[in-house]
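# Fold and contact review
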Amino acid sequence: YTPLIPSIKYQELEGELWCHSFFLRHLCDEVKYPDWPIRDPFQLLKSTIDAVRFEEERKEQDSEKSKITLEQAYRELGC
């Protein structure tokens, strides 16, 4: 038996993208982190592409869920 554990969200990490053991914002900051070694650039690129696709699909699904028809809106408003 494995209970469902709610996900933990950290406000300071909102908008961060984690790919292949890097937060991309930090990886792209050449001033703060110059010459950061990337052991497997191909895997990082693949992971980044997958993460971006996943985020785009998630946003699309969220917007689909939030769309309601005009008739549903009238019913909700009691019109």
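Heads up: these notes are all about the structure in this document. (Residues numbered from 1 in each chain as written. Predicted model: local features only at pLDDT ≥ 70, side-chain atom pairs only at ≥ 80, totals over all residues. Heavy atoms only, no water.)

It is worth spelling out the overall build of the protein chain at this point. Broken down by element type, the protein chain carries three helices and two strands. Along the protein chain, from the amino end to the carboxyl end, the secondary structure elements read β-β-α-α-α. If one aligns the C-alpha atoms of the protein chain with their principal axes, the spans along those axes are about 60 × 35 × 25 Å. Put simply, the protein chain has 11 plus and 16 minus side-chain charges, and the middle of one group is 2 Å from the middle of the other. (Helix = DSSP H or I, 4+ residues; strand = E, 2+ residues; numbered from the N terminus. Lys, Arg positive; Asp, Glu negative; His and termini not counted. Charge placed at Lys NZ, Arg CZ, Asp CG, Glu CD.)

Each pocket or cavity is described by its volume, and for the largest pocket that value is around 480 Å³. Considering every element that reaches the lining of the largest pocket, the biggest residue donor is helix H2 (residues 41-66), with four residues. Across the lining of the largest pocket, the residue classes tally to eight nonpolar, two polar and five charged. (1 Å grid on protein atoms, 1.4 Å probe; cavity = no way out; pocket = protein on both sides within 12 Å on 5 of 7 lines; lining within 4 Å. Points joined across faces, edges and corners; volume = space filled by probe spheres on them. Nonpolar A, V, L, I, M, F, W, Y, C, P; charged D, E, K, R; others polar.)

It is worth spelling out the state of the cysteines at this point. Inspection of the entire model under this criterion finds zero disulfides. Here cysteine 19 is not cross-linked by a disulfide; its sulfur's nearest cysteine counterpart is in cysteine 28, at 9.8 Å. A relative accessible area of 0% means that cysteine 19 is categorised as buried. (Disulfide = S-S within 2.5 Å. Buried < 20%, exposed > 50% of the residue type's maximum accessible area, 1.4 Å probe, protein only.)

Within helix H3 (residues 70-77), only zero of the eight residues are buried, which leaves it mostly out in the open. Positive phi appears at glycine 78, one or two residues downstream of H3, with a value of about 75°.

This part takes up the nonpolar core. Counting residues in each nonpolar core, the largest one holds six residues, listed as Cys19, Phe22, Leu24, Leu27, Leu44 and Ala51. Mapped by element, the contributors of at least two residues to this core are helix H1 (24-27) and H2. (Core = buried A, V, L, I, M, F, W, Y, C linked by side-chain atoms within 4.5 Å.)

Tallying each qualifying case throughout the model produces three salt bridges. Residue glutamate 16 is joined to arginine 25 by a salt bridge in which the shortest nitrogen-to-oxygen separation is 2.5 Å. The buried category is assigned to glutamate 16, whose relative accessible area is 18%. As a salt-bridge pair, lysine 46 and aspartate 50 come within 3.2 Å of each other at their nearest N and O atoms. Within this pair, lysine 46 and its partner aspartate 50 are both found in helix H2, separated by four residues, close to a single helical turn. A relative accessible area of 40% means that lysine 46 is categorised as partly exposed. (Salt bridge = Lys/Arg side-chain N within 4 Å of Asp/Glu carboxyl O.)

What follows is about the packing of aromatic side chains. Tallied over the full model, the rule gives three aromatic pairs. Measuring from ring centre to ring centre gives 5.2 Å for phenylalanine 22 and tryptophan 36, while their planes differ by 80°; the resulting arrangement is edge-to-face. Here phenylalanine 22 is found in strand S2 (residues 22-23), whereas its partner tryptophan 36 is found in the loop between H1 and H2, with 14 residues between them in sequence. Accessibility expressed as a relative area gives 32% for tryptophan 36, which makes it partly exposed. (Phe/Tyr/Trp six-rings, centres within 6.5 Å; stacked < 30°, edge-to-face > 60°.)

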